[in-house]
Amino acid sequence: MTPADTGASTVVDAASAAPAVPDSVEPSDSRMAPGGPGYRRMSFALFLAGVATFALLYSTQALLPLISGDLGVTASDASWTVAAATGGLALFVLPMSALSERFGRRTVMTASLAVAVTVGLLVPFAPSLPALVALRAVQGAALAGLPASATAYLAEEVRPRALVTAIGLFVAGNSVGGMSGRVITGWVAQEWGWRVAVGVVGLVAVACAVAFRLLLPAPRHFAPGSLRPRVLVRTVRDHLANPLLRRLYAIGALFMTVFGGVYTVIGYRLAEAPFSLPQGLIGSIFLVYLVGTVSASTAGRLVGRLGRRGALYLGAGTTAAGLLLSLAPSLPLVLLGLVLITAGFFAGHAVASSAVGKTAQHGRAQASALYQSAYYVGSSAGSTVGAVAFHSGGWAGTVGVGVLAVLGVVVITVSGSLAARRAAGTPVRVLSLPR
């Protein structure tokens, strides 16, 4: 069986689904490639879509201490403003992917952004926590049309050898959106409150949505599929029957459990002694997302040097090191820990999500949707469980949840490597990296 079938890692995994002849001598391949027509416009458009998605999705995360104080609720209660958005996305990503198979990736992405930014302009006027949570759930459901449709669009419109890099740029947009949304809300909220802050994020997202629609090239390789439930169920069943896809879904969920828990709770920790930081500085902590922008955009080169398995081990190890380092009662060490957590997470996410697009031979939108669903279930679980662990055991409790999730990533990667090597009849060397 090939590595794509078994989950085995290769030296250049990004090329596992590529044609035998290099792109440079394939004039008949009309898909986009770096340096070719439309590639930069496409990359920038999807980068902006990623910015808008993460800015909106996590717009309340850096503001949870202020929301708790304003609405008189606990940290675990306020965390539902994050969990509801990510949970809504996880619940609706599969139905939205089915719509993109029928009506087109660009159409669904445009409609999703339009609804999400409209709701984003209503969020500042929520009169109570239940109303705020409900609006955030609707917003998350609307955003569900972006992630799976974007990765399916790239899998169809970009040459295989450039796919990891292209998806890495989209993920990099996610990191920029997450960073800018939190930094902007931190400083704006310090002066004018959390409601004005989330309103400003909504306006930024409107600008990104308009630019996205104007820039994204029309799809040239999309073939409409069926909306029949029986076809959708069969496609989903086929994907879930694939052991490699199941492992990738679990890895995405576990990486996001770490990330969701850490960044939901970090604001509370930094607002307390011995740090006692003001809201503006707490929001600025999220500048470490820039590290994620770099690690995600270079995921293709990382896979080329270490293989998919090696890249996942490196991402998990970097994340675990950051978690342990963040336990120190020193602000510089906590910041360094967040840098490592962010770098490891975004690298692992880019590697896993791009592998889904290459592995699925049909119904790519559904394959990507299942990954995104698992990914955001992990985010919801991390936000909720991380907040509960912080309430009962402090920051050490949140770190404990994260370490367990990272161990899960390692166990799944090792088990996949063992299964692949046994199937190929090669000697088992679980932790040795490809040469």
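Residues numbered from 1 in each chain as written. Predicted model: local features only at pLDDT ≥ 70, side-chain atom pairs only at ≥ 80, totals over all residues. Heavy atoms only, no water.

Our focus in this paragraph is the overall build of the chain. Of regular secondary structure, the chain possesses 17 helices and zero strands. Of all 435 residues assigned to the chain, the portion counted as buried reaches 58%. Counted over contacts in the chain with a minimum sequence separation of 6, partners at least 24 positions apart contribute 84%. Summed over all atoms, the accessible surface of the chain reaches about 16,200 Å², with 68% contributed by carbon and sulfur. (Helix = DSSP H or I, 4+ residues; strand = E, 2+ residues; numbered from the N terminus. Buried < 20%, exposed > 50% of the residue type's maximum accessible area, 1.4 Å probe, protein only. Contact = heavy atoms within 4.5 Å. Areas by Shrake-Rupley, 256 points an atom, 1.4 Å probe, with all protein chains shown as cover.)

A few words on the side chain of Thr257. You can see Thr257 is positioned in helix α12 (residues 243-271). Judged by relative accessible area, which is 15%, Thr257 ranks as buried. What Thr257 contacts, discounting residues up to four positions off in sequence, is Gly378, Gly382, Val401 and Ala405.

Now for the side chain of Gln139. As for its position among the elements, Gln139 is in helix α7 (residues 129-143). A distance of 2.7 Å separates polar atoms of two side chains, one belonging to Gln139 and the other to Arg136. (Polar contact = N/O pair within 3.5 Å; in protein donor to acceptor, adjacent residues only side chain to side chain.)

A few words on the pattern of salt bridges. Applying the stated rule across the entire model yields two salt bridges. We note a salt bridge from Arg105 to Glu156, for which the minimum N-O separation is 2.3 Å. Linking Arg105 in helix α6 (residues 105-122) with Glu156 in helix α8 (residues 147-157), this pair joins segments that are 51 residues apart in sequence. Residue classification places Arg105 among the buried positions, given a relative accessible area of 1%. Residue Glu156 is classed as buried on the basis of its relative accessible area of 13%. (Salt bridge = Lys/Arg side-chain N within 4 Å of Asp/Glu carboxyl O.)

So, on to the confidence of the model for the chain. Taken residue by residue, the chain gives an average pLDDT of 83. The fraction at 70 or more is 90%. Taken element by element, the chain is modelled with least confidence in helix α1 (residues 3-6), mean pLDDT 33, and with most confidence in α7, mean pLDDT 95. Here residues 1-27 scores under 50 on pLDDT; set against residues more than four positions off or in separate chains, the count is 56 contacts. Between residues 430-435, whose pLDDT stays under 50, and residues either more than four places distant or in other chains, the model counts 20 contacts. (pLDDT = per-residue confidence, 0-100.)

Further remarks concern the packing of aromatic side chains. By the definition in use, this model includes 10 aromatic pairs. Taking 4.1 Å as the distance between ring centres and 10° as the angle between the ring planes, the aromatic pair formed by Phe259 and Phe345 counts as stacked. Taken together, the residues Phe259 in helix α12 and Phe345 in helix α16 (residues 331-359) connect sequence positions 86 residues apart. Here Phe259 and Phe345 have matching classes, each one buried. Here the aromatic rings of Phe259 and Phe346 are separated by 5.4 Å at their centres, their planes lie at 80°, and the arrangement is edge-to-face. On the criterion of sequence distance, the pair formed by Phe259 in helix α12 and Phe346 in helix α16 is long-range, its members being 87 residues apart. The pair formed by Phe259 and Phe346 is uniform in burial state, with each residue classed as buried. By the ring-pair criterion, three or more aromatic residues cluster together here, those being Phe259, Tyr263, Phe345, Phe346, Tyr371, Tyr375 and Tyr376. Across the ring face of Phe103, the terminal group of Arg102 is positioned such that the distance to the ring centre comes to 5.6 Å. (Phe/Tyr/Trp six-rings, centres within 6.5 Å; stacked < 30°, edge-to-face > 60°. Lys NZ or Arg CZ within 6 Å of the ring centre and 35° of its normal.)

What follows covers the layout of surface pockets. Approximately 190 Å³ is the volume found for the largest pocket. Taken together, 14 residues line the largest pocket, and the ones lying closest to its centre are Ser30, Arg31, Met32, Pro37 and Arg220. Tallied by class, the residues present in the lining of the largest pocket amount to six nonpolar, four polar and four charged. (1 Å grid on protein atoms, 1.4 Å probe; cavity = no way out; pocket = protein on both sides within 12 Å on 5 of 7 lines; lining within 4 Å. Points joined across faces, edges and corners; volume = space filled by probe spheres on them. Nonpolar A, V, L, I, M, F, W, Y, C, P; charged D, E, K, R; others polar.)

Taking 1.5 Å per residue, 27 residues should reach 39 Å; helix α15 (residues 299-325) reaches only 24 Å between its end C-alpha atoms and comes up short. Where α15 bends most, at Gly307, the angle is about 110°. (Expected span 1.5 Å × (residues − 1). Bend = angle between axes of the 7 residues up to and from the residue.)

The next subject is empty space enclosed by the protein. Under the definition given, this model contains seven cavities of 30 Å³ or more. Looking at the second largest cavity, its volume works out to about 80 Å³. In terms of lining, the second largest cavity is formed by Thr53, Pro147, Thr151, Ile167, Phe170, Val171, Asn174, His349, Ser353, Gln372, Tyr375 and Tyr376. Where the lining of the second largest cavity is concerned, the elements lending two or more residues are α8, α9 (163-192), α16 and α17 (364-424). It is α9 that contributes the most residues to the lining of the second largest cavity, four residues altogether.

Glancing now at the packing of α12 against α16. Axis separation between α12 and α16 bottoms out at 9 Å; the angle between their running directions is 155°. As far as their axial angle goes, α16 and α12 are roughly antiparallel. Pair α12 / α16 crosses with left-handed handedness. Per-class residue counts for the contact of α12 with α16 are 22 nonpolar, four polar and one charged. (Axes fitted to C-alpha atoms, helices over the stretch in contact; angles between N-to-C directions. Parallel < 35°, antiparallel > 145°, perpendicular 65-115°, else oblique. Left-handed = near helix turned anticlockwise from the far one by under 90°.)

Right, let's talk about the environment of Leu325 for a bit. As for its placement among the helices and strands, Leu325 is situated in helix α15. The partly exposed category is assigned to Leu325, whose relative accessible area is 25%. Sequence spacing of Leu325 and Val399 is 74 residues, and the spatial spacing of their C-alpha atoms is 9.9 Å.

Now for α16. The terminal C-alpha atoms of α16, which comprises 29 residues, lie 42 Å apart, in line with the 42 Å expected from a rise of 1.5 Å per residue. Most of α16 sits inside the fold, with 22 of its 29 residues counted as buried.

The residue after Ala273, namely Pro274, is reached through a cis peptide bond having omega 10°. Among the secondary structure elements, Pro274 is positioned in the loop between α12 and α13 (279-284). Phi is positive for Ser276, close to 50°, though the residue is something other than glycine. Along the chain, the position of Ser276 falls in the loop between α12 and α13.

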